[in-house]
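One-letter residues, chain by chain:
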Amino acid sequence: MEKNKKVLVVGSGGREHAIVKALARSPQVEKIFCAPGNAGIAEDAECVAIGVEDVDALVSFARDNAIDMTVVGPEAALAVGLVDAMEAAGLKAFGPTKAAARIESSKEFAKQIMTKYNVPTASYEAFDDFGKAWEYVKNRPLPAVIKYDGLAAGKGVVVALSYEEAEAALRDMLLDSAFGKGRVVVEDFLDGPEFSFMCVVSGSKVYPLAMAQDHKRAFDGDKGPNTGGMGAYSPVPFVSDEIREKALREIIQRTADGLVAEGVPFKGVLYGGLILTADGPKVIEFNARFGDPETEVVLPRLESDFYDLVEAAVEGRDCETKWSDEAYLGVVLASEGYPGSYKKGVEIKGLGNVNAEVYHMGTKREGDKILTAGGRVLMVVGKGKTIAEANAAAKAEIEKIDCPSLFHRTDIGKASL
Ligand code: AMP
Ligand code: GLY
């Protein structure tokens, strides 16, 4: 096999850092660019200063540099039609079209697909009128699950334990237009452990990736506000092979087939945010892209060629994947205050002493200093024969990082230790 492929990765977080590292292991990949990247990614790829939503500049860059494949990380780039534009220019891109990405960007579209194609999920009603929504919610049992219909960076979901809280959430979303436009989905509360099942999908073809579990709340014991994710691990022992097969068949495959039948075939990563209820796995949400931080613990377990998998999906051909049995566990170091407001530009010391993979989520280089540049800043990933070993490895290495403005959870993976 010739090492001659040029790849452009779009994004600037830990997910893109993991994608870059996985591509760098491919025997076919010669050169990796990342737009815009970050201080850590710059060590593994050539960063180019183009924003993820600057579609015209990304297409020109890919054309001018004879890029063989563009791998799109963030949903924002999908939602502005980056993949559509690449394809219109005759360029290959891994990720769904804008229309197919609505499985993530519109909660209501996702629910319609799931209802029509019999994909297990909570039953729901959609509203854009506050009075009607409140009338519906106050006559139903608590907790009330209220979701803003649109991209809200993981913050548009309220699981209200009281009617006062539910009413306030509906007011926020429908009357104060806190997120821009008023439309909500109200759904049944589901109970059970959550897990992330990411599958590469190409039309009706599904190539499952290893399972992971994310930890969305900011603080230990699943306390505090929802975040983008504070840590993750893979594999997930409480997801048996039988549950995995069921999720693959009844959730991912039915959704992929449904999108084909609707005329919006999906290509890219279909990420099932699933919950294991007493009635089996059900969908909490779909994402149209790799999860962050799940990708940082899943892709390192891929032993086969990641570029081949990406290309197979884009070309619609078969591809076998091979996975390591090792466990990976990653802890996110975030800026004090995240997911609310936080300081940036604080120096991070000690990175050179860390003997584990460190994925940069939000960092910037200034001279020879690495500075914080985001809410989620770094993810330290330990590996081992067991999740407990991986956890111990991550914890020991985090101690070596010296930055006064970072905090992290200490209970990642606890449910599976
Ligand atoms: P989402 O952005 O849809 O993933 O929701 C964020 C979080 O809210 C999820 O990870 C769940 O913990 C919780 N959640 C969302 N929908 C439900 C539901 N129907 N039942 C219980 N919890 C939910
Ligand atoms: N970790 C959750 C997400 O990527 O949406």
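Before reading further, recall that the structure is shown in the block above.
Below is a short write-up of the structure. (Residues numbered from 1 in each chain as written. Chains lettered and ligands numbered in written order. Predicted model: local features only at pLDDT ≥ 70, side-chain atom pairs only at ≥ 80, totals over all residues. Heavy atoms only, no water.)

Some details on the site of ligand 1
Reasoning step 1: Surrounding ligand 1, one finds 14 residues, the nearest of these being Glu187, Asp188, Leu190, Glu194 and Glu285.
Reasoning step 2: Taking Lys147, its side chain carries an N or O atom lying 3.0 Å from an oxygen atom of ligand 1.
Reasoning step 3: The set of elements that each furnish at least two residues to the shell around ligand 1 consists of β7 (144-148), β8 (157-160) and β17 (280-287).
Reasoning step 4: Of the residues in the shell around ligand 1, the class split is 6 nonpolar, 1 polar and 7 charged. (Near = heavy atom within 4 Å. Polar contact = N/O pair within 3.5 Å; in protein donor to acceptor, adjacent residues only side chain to side chain. Helix = DSSP H or I, 4+ residues; strand = E, 2+ residues; numbered from the N terminus. Nonpolar A, V, L, I, M, F, W, Y, C, P; charged D, E, K, R; others polar.)

Examining helix α6 (residues 107-116)
Reasoning step 1: The element α6 is largely enclosed, with a buried count of 7 among its 10 residues.
Reasoning step 2: Those residues of α6 that sit buried are Lys107, Glu108, Phe109, Ala110, Lys111, Ile113 and Met114.
Reasoning step 3: Phi turns positive, to about 60°, at Asn118, one or two residues after α6. (Buried < 20%, exposed > 50% of the residue type's maximum accessible area, 1.4 Å probe, protein only.)

A closer look at a nonpolar patch on the surface
Reasoning step 1: A cluster of nonpolar side chains, Val159, Leu161 and Phe189, forms an exposed patch at the surface whose accessible area comes to about 280 Å².
Reasoning step 2: Looking at the element boundaries, Phe189 is found in the loop between β9 (184-187) and β10 (194-202). (Patch = residues over 30% accessible without salt bridge, like charges linked within 9 Å, V, L, I, M, F, W, Y side chains within 5 Å. Areas by Shrake-Rupley, 256 points an atom, 1.4 Å probe, with all protein chains shown as cover. Salt bridge = Lys/Arg side-chain N within 4 Å of Asp/Glu carboxyl O.)

Structural notes on the nonpolar core
Reasoning step 1: Within the largest apolar cluster, 75 residues are counted, with the highest numbers of intra-cluster contacts made by Leu8, Met86, Ile103 and Ile252.
Reasoning step 2: The contacts of Leu8, once residues within four sequence positions are left out, are Phe33, Cys34, Ala35, Leu58, Phe61, Ala62, Ile67, Met69, Thr70, Val71 and Met86.
Reasoning step 3: Judged by nonpolar contacts, the second largest core, of 46 residues, contains Phe94, Phe290, Val332 and Tyr338. (Core = buried A, V, L, I, M, F, W, Y, C linked by side-chain atoms within 4.5 Å. Contact = heavy atoms within 4.5 Å.)

Here's the deal with the packing of helix α7 (residues 130-138) against helix α8 (residues 163-175)
Reasoning step 1: Relative to each other, α7 and α8 sit at 160°, their axes nearing to 10 Å. Considering the angle they form, α7 stands roughly antiparallel to α8. Judged by the twist between their axes, the crossing of α7 over α8 is right-handed. Residues Phe130, Ala133, Trp134, Val137 and Lys138 of α7 touch α8, and the partners they reach there are Tyr163, Ala166, Glu167, Leu170, Arg171, Leu174 and Leu175.
Reasoning step 2: The residue makeup of the contact of α7 with α8, split by class, is 9 nonpolar, no polar and 3 charged. (Axes fitted to C-alpha atoms, helices over the stretch in contact; angles between N-to-C directions. Parallel < 35°, antiparallel > 145°, perpendicular 65-115°, else oblique. Left-handed = near helix turned anticlockwise from the far one by under 90°.)

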